[in-house]
Amino acid sequence: MHRSVKSLVILIIALFAITLLAGCVFSPQAVVVPHIEVGTDNSATIPVTSTFQFENSQVTLSLPVDAAVYQAAQSTPTSVTVYGNVSDSVWTTDSYMEMINDPAQDQMYTDLLTQFRKIRDGMGLSSDEYLELMATYIQSLPYQDRPGEVAKFPVETVVDGKGNCADKSLLLAGLLSREGYKVAIFTFTPENHMALGVGSPDSLYKDTGYAYLETTNLSYVGVPPAELEGGIVLTSEPLVIAVGNGTTEYTSGAETAYINNVATLANQKALSMETQDDSLAADLNAKEGQISSIESQMNSMRSRGNIPGYNDQVSSQNAMVAAYNAELANYNQQVSLDKTYANVYNYIISHVYDRKGTYAWVKANMPG
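Now for a quick tour of the structure. Everything numeric in this text was worked out from a predicted model, so none of it was measured.

With respect to the overall build of the protein
Inference 1: What the protein contains, in helices and strands, is 9 helices and 9 strands.
Inference 2: The C-alpha atoms of the protein give a radius of gyration of 29 Å, which is well past the 21 Å a tight globule of 368 residues would have.
Inference 3: Overall size of the protein, expressed as C-alpha extent along the three principal axes, is 110 × 50 × 35 Å.
Inference 4: Across the 368 residues in the protein, those meeting the buried criterion constitute 46%.
Inference 5: A fraction of 73% describes how many contacts in the protein between residues 6 or more apart in sequence connect residues 24 or more apart.
Inference 6: Total accessible area computed for the protein in this model is approximately 16800 Å², and 50% of it derives from carbon and sulfur atoms.
Inference 7: Each charge class in the protein can be summarised by its mean position, and for the 20 positive and 39 negative side chains these summaries are 7 Å apart.

This is how it looks when you write it as C-alpha cells:
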C-alpha cells in the first residue's frame, strides 16, 4: 500500500486471494467469505489506549478488547472462495463487508463508539466535527507498511494500534456506518490503494457521489492526495462499495475546499516570492557595495583636502543611498509578506486535526 505525500496519504490495498476450482462449474453461484470463529471465551481482555490531538484538545480513548476475538481474528484466513461465475466487484464487496461487520466484533464497536460519544457530548461537537473526530483517530494511528499482505479485521487494527490503508479504511467505515453516516469504500486496484468516500453535498470525488477521505495520515475531508508515496497518482476510477444504510452527510466540504485552495496558493506565493527575495537581496548587496566604494573614495578625498571633489560626489551618493533605502524597504515588506504566506501554509498542514479552527484562523490571517 502507498501513503500520500505532503500529509496526504496513500493507501495500501490488499485484495483477497480467490480460490478457483479449474474446470468446474457450480450452481448456484456463491462466495465464501472470511468469518471470525471464536473458540472458548476465557473472559480475558486486552486494554487498548490511544491518544491523539483533535481541535484544541488531546483526546484519549481507552477500552478493553476481548482477547479471544482478537486472537481468532488473527488466525482467520482472509481468503475468499468463489464458486461459479462471480464478478470481481461482487466477491470483493462481500469479503470487505464481512470483515467490517463480522458479529464477533460488535462489542468492540460498541465500546469504541461509547468512548467517541462521550467525547462528542463533552466537547459539544457538531455532526461534521464528530465525523472528523473519528477520522482523526484513524488517521493518527501509525501507518504500517505490509506489502503483499491482506487486510486485517478492524478488531486487529484497534488492538495493534496501526495499519495500512485497507486496515484503517475498513475500521473507519465500520465506525461511521454505525453512526448513521453515508459512507463507502474506494478501492483503487491499479494503484494498490484504498480510501473512503463520505456523503456530501459538495466536494465530490470524480463521479463517485462521495467526498474523498484519506485514512493513512492526517488529511482534510474532501481533499484527495496530490500523489501517493513513491510519486503514484490516483488516476483510475475506484470501485465504490457502499457500507451500511446511513444518510448523514458531511456538510463542511466548502470549508475544507477553501482551506486546501488557500494552502495551495500560499505555498505557491511563498515559493515564488522566495525566489524574488533572493534576487532583491543580491541586488541590494551589489548596491551596498557600490555605496561603500563611493563613500570610501569620498573619505579619501576629504582626508587629502580635496573638498571640491568630495562635494561633487555628495549628490550622487545621496541619490544612491535614497534608492537603496527605498529598495530595502520594499525588500523588507516583501520578506514580511513571504513569511506570512509561509506561516499560513505551515499552519494549515500542521493543524489538519482542527478543520473548524483552521478555517477561522486562515480567514483572519490570509493576506487579501
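Thoughts on the environment of Tyr181
Inference 1: Structurally, Tyr181 is set in the loop between helix H6 (165–178) and strand S6 (183–188).
Inference 2: Judged by relative accessible area, which is 3%, Tyr181 ranks as buried.
Inference 3: Not counting residues up to four positions away in its chain, the partners in contact with Tyr181 are Ser127, Tyr130, Leu131, Met134, Leu176, Gly246, Thr247 and Thr248.
Inference 4: In terms of polar contacts, Tyr181 uses its side chain to reach the backbone carbonyl oxygen of Ser127, at 2.6 Å.

Considering the packing of aromatic side chains
Inference 1: Counting across every chain of the model gives 11 aromatic pairs.
Inference 2: Pairing Tyr258 with Tyr359 gives two aromatic rings, centres 5.5 Å apart and planes at 75°, and the pair type is edge-to-face. With a gap of 101 residues between them, Tyr258 in helix H7 (residues 253–303) and Tyr359 in helix H9 (residues 355–365) connect regions that are remote in the sequence.
Inference 3: Take Tyr258: its relative accessible area is 25%, and that puts it in the partly exposed class.
Inference 4: In this structure an aromatic cluster arises from ring pairing among Phe186, Phe188, Tyr205, Tyr210 and Tyr212.
Inference 5: Here the basic side chain of Arg120 rests over the ring of Tyr130, its NZ or CZ set 4.7 Å away from the ring centre.

So, the packing of helix H2 (residues 88–101) against H6
Inference 1: Where H2 meets H6, the closest approach of the two axes is 9 Å, and the angle between their N-to-C directions is 70°. Viewed along their axes, H2 and H6 adopt a mutual orientation that is roughly perpendicular. Seen along the crossing, H2 lies across H6 with a hand that is right-handed. From H2, Tyr96, Met99, Ile100 and Asn101 reach across to H6, where they touch Leu170, Ala173, Gly174 and Arg178.

Thoughts on the sheet that holds strand S7 (residues 193–198)
Inference 1: The 4 strands lie next to each other as S8-S7-S6-S9, forming an open sheet whose pairing is antiparallel. Only two strands of the sheet have a single partner each, and these edge strands are strand S8 (211–213) and strand S9 (239–243). Between one strand axis and the next, the sheet turns through 35° on average, direction left out of account.
Inference 2: Relative to S9, S6 runs antiparallel, the two sharing 5 bridges. Paired with Thr187 across the strands is Leu239, a residue of S9.

Criteria and cut-off values
Residues numbered from 1 in each chain as written. Predicted model: local features only at pLDDT ≥ 70, side-chain atom pairs only at ≥ 80, totals over all residues. Heavy atoms only, no water. Helix = DSSP H or I, 4+ residues; strand = E, 2+ residues; numbered from the N terminus. Rg over C-alpha atoms; globule rule 2.2 N^0.38 Å. Buried < 20%, exposed > 50% of the residue type's maximum accessible area, 1.4 Å probe, protein only. Contact = heavy atoms within 4.5 Å. Areas by Shrake-Rupley, 256 points an atom, 1.4 Å probe, with all protein chains shown as cover. Lys, Arg positive; Asp, Glu negative; His and termini not counted. Charge placed at Lys NZ, Arg CZ, Asp CG, Glu CD. Polar contact = N/O pair within 3.5 Å; in protein donor to acceptor, adjacent residues only side chain to side chain. Phe/Tyr/Trp six-rings, centres within 6.5 Å; stacked < 30°, edge-to-face > 60°. Lys NZ or Arg CZ within 6 Å of the ring centre and 35° of its normal. Axes fitted to C-alpha atoms, helices over the stretch in contact; angles between N-to-C directions. Parallel < 35°, antiparallel > 145°, perpendicular 65-115°, else oblique. Left-handed = near helix turned anticlockwise from the far one by under 90°. Pairing = 2+ DSSP bridges.

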